[in-house]
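Read off the chains here:
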Amino acid sequence: MDQLVTMNNRSTSKASKERRDLINKEIDELRELLPLTKSTKAHLSYIQVMSAVRAYIRRGNYFNKICYQDAYFGETSFKFHEALPGFLIMVSSDGKLLFVSENIADYLGHSMVELLSKGALVRDLVDEEDLHLIWSQLQLHHLGAYTGFHDVISSNSNERRFVCRMLRSQCFKRRLPECISDQTEQKTTPVLVQGRVHPLYNDTSQTVLLALCNPLQDPSNPSSNESDESDVLCFTSVHDINLRIKATSDSVKFFLGFSESQLVNCSWYQFVHHEDLQEATNMHCRVRSGCGRCTSILRMLTRRGRTINVCTTGDLVTQDDVSTYPTVIQLNHRVLSDVEADYYRAYHQQ
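Cut-offs applied
- Residues numbered from 1 in each chain as written.
- Predicted model: local features only at pLDDT ≥ 70, side-chain atom pairs only at ≥ 80, totals over all residues.
- Heavy atoms only, no water.
- Helix = DSSP H or I, 4+ residues; strand = E, 2+ residues; numbered from the N terminus.
- Buried < 20%, exposed > 50% of the residue type's maximum accessible area, 1.4 Å probe, protein only.
- Contact = heavy atoms within 4.5 Å.
- Pairing = 2+ DSSP bridges.
- Axes fitted to C-alpha atoms, helices over the stretch in contact; angles between N-to-C directions.
- Core = buried A, V, L, I, M, F, W, Y, C linked by side-chain atoms within 4.5 Å.
- pLDDT = per-residue confidence, 0-100.
- Arc of directions from axis to C-beta.
- Salt bridge = Lys/Arg side-chain N within 4 Å of Asp/Glu carboxyl O.
- Phe/Tyr/Trp six-rings, centres within 6.5 Å; stacked < 30°, edge-to-face > 60°.

Quick notes on the overall build of the protein chain
Right, so step 1: Counting secondary structure elements, the protein chain contains ten helices and eleven strands.
Right, so step 2: When the 350 residues of the protein chain are sorted by exposure, 45% land in the buried category.
Right, so step 3: When contacts within the protein chain are restricted to residue pairs at least 6 apart in sequence, long-range pairs at least 24 apart make up 55% of them.

Right under this line is the structure:
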């Protein structure tokens, strides 16, 4: 009798081991199918593998519904999200974090797998003081009765564009582009969120915010305002000591509507909005007196009479090999959206 019980136990143990081996084999196969780097997949536990698989299946289901309803985000955007200036995020109307792209680690230091495997909520990612802003923006027809930095959009529109502070990982050691949060004791980064709220199953009570999140750079930090030829939102102008234009980058025509030949020998001040002339003058005086690189948030006038927001950084440059203008002022301009400009102006006033 005892021998029979022993044989049954061995048989049960063998069957259990075979089931475990089969499950582990299936999980390993799922691990290989994940669109993650080899080093990332190698460090995933079985639970994390299953959580990541669930996250990607859920992402695919939601994306198919959203892309069917609206072509604002195409499938190509998700295949090449790492080429975007930021990371993708998907949040449900009840605050659940449905998906974040893997490159969130490059900006905030969080692991996509860890966030999704623990069932993270939006409050785990957004500063507590900005949660009310997120809740308002998650509604299909937001009321706009809140404070915060956001673009004024028609109440019938499902587009969203606002700035909120997101939490950085406590163990984040990688150096980021200098952000406004680096100037404070808080472990947050201001992020420009741009996307749309989409209803699911024709039920307006069930919505999803799908957005691109782009951390904002600190306009007062010199390293974040250097001229970057790869930045399509930037243009440069070179001036004499009195800010008469001597040269510009070719991209100035795209933003202001004037060619370089039309701008040469014109005063830079005539293209500054009249309400920002004092701010522009203050920056000019600081640069001219040798205070180093200075930054201002200004509005400039285009050829069509419209205004654009720019973050303008001025620097005094000595040209040893040029006799006509040995000292010039170089201005680097980065075009901003209205919500970015409002945030930067508020930051400068603090």
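Quick look at the sheet that holds strand E11 (residues 327-336)
Right, so step 1: Strand order in the open sheet made by the five strands is E8-E7-E11-E10-E9, with antiparallel pairing throughout. Bordering the open sheet on either side are strand E8 (245-248) and strand E9 (294-301), each of which pairs with just one other strand. Pairwise comparison of adjacent strand axes, ignoring direction, gives a mean angle of 30° for this sheet.
Right, so step 2: Where strand E10 (residues 307-318) meets E11, ten bridges bridge the pair, whose relative direction is antiparallel. Across the sheet, Gly314 pairs through a bridge with Leu331, a residue of E11.
Right, so step 3: Lying on the sheet, helix H9 (residues 277-288) is in contact with E9, E10 and E11; it crosses E9 at an angle near 140°.

A word on the nonpolar core
Right, so step 1: Ranked by internal contacts, the top residues of the largest apolar core, which has 43 residues, are Leu34, Ile89, Leu97, Cys164, Met166 and Val193.
Right, so step 2: When contributions to this core are tallied by element, the ones reaching two or more residues are helix H3 (46-69), strand E1 (87-92), strand E2 (97-100), helix H5 (112-117), helix H6 (131-138), strand E4 (159-167), strand E5 (188-200) and strand E6 (203-215).
Right, so step 3: When sequence neighbours within four positions are dropped, the list of residues in contact with Ile89 reads Leu97, Phe99, Val100, Leu125, Met166, Leu209, Leu210, Ala211 and Cys213.
Right, so step 4: Judged by nonpolar contacts, the second largest core, of 23 residues, contains Phe258, Phe271, Met300 and Leu331.

Re the pairing of E9
Right, so step 1: Burial analysis of E9 places six of its eight residues in the buried class, the great majority of the element.
Right, so step 2: Across eight bridges, E9 lies against E10 in antiparallel orientation. Bridging across to E10, Ile297 finds its partner in Cys311.
Right, so step 3: The antiparallel hairpin formed by E9 and E10 contains five residues in its connecting segment, where Gly305 sits at a positive phi of about 85°.

Considerations on the confidence of the model for the protein chain
Right, so step 1: Residues of the protein chain with pLDDT of at least 70 account for 71%, and the chain-wide mean is 77.
Right, so step 2: The low-confidence segment residues 173-185, where pLDDT is below 50, has 36 contacts with residues more than four positions distant or belonging to other chains.

Some points on H6
Right, so step 1: Inspection of H6 places Leu131, Leu133, Ile134, Gln137 and Leu138 among the buried residues, and these make up the whole buried set. Projection of H6 onto a plane perpendicular to its axis shows the buried side chains occupying an angular sector of 155°, all on one side.

A short note on the pattern of salt bridges
Right, so step 1: Per the counting criterion, the structure on display carries eight salt bridges.
Right, so step 2: For Arg299, the salt bridge goes to Asp276, with nearest N and O atoms at 3.0 Å. Of this pair, Arg299 sits in strand E9 while Asp276 sits in the loop between helix H8 (260-263) and H9; the two residues are 23 residues apart in sequence, bridging distant segments of the chain.
Right, so step 3: The class for Arg299 is partly exposed, based on a relative accessible area of 21%.
Right, so step 4: Given a relative accessible area of 8%, Asp276 falls into the buried group.
Right, so step 5: Linking Arg293 and Asp315 is a salt bridge whose minimum nitrogen-to-oxygen distance equals 3.5 Å.

Looking at the environment of Leu131
Right, so step 1: Of note, Leu131 is situated in helix H6.
Right, so step 2: The class of Leu131 is buried, set by a relative accessible area of 15%.
Right, so step 3: Spatially, the C-alpha atoms of Leu131 and Arg165 are 9.3 Å apart, while their sequence positions differ by 34 residues.
Right, so step 4: Sequence-distant contacts of Leu131, that is, excluding residues within four places in its chain, are made with Val122, Arg123 and Val126.

Side note on the packing of aromatic side chains
Right, so step 1: In this structure the tally under the stated criterion is five aromatic pairs.
Right, so step 2: Their ring planes at 25° and their centres at 5.5 Å tell us that Phe235 and Phe255 sit as a pair that is stacked. Of this pair, Phe235 sits in strand E7 (residues 234-239) while Phe255 is found in helix H7 (residues 252-256), placing the two residues 20 residues apart along the sequence. Taken as a pair, Phe235 and Phe255 share a single burial class, namely buried.
Right, so step 3: On the basis of relative accessible area, Phe255 is assigned to the buried category, the value being 10%.
Right, so step 4: Pairwise contacts between aromatic rings join Phe235, Phe254 and Phe255 into one cluster.

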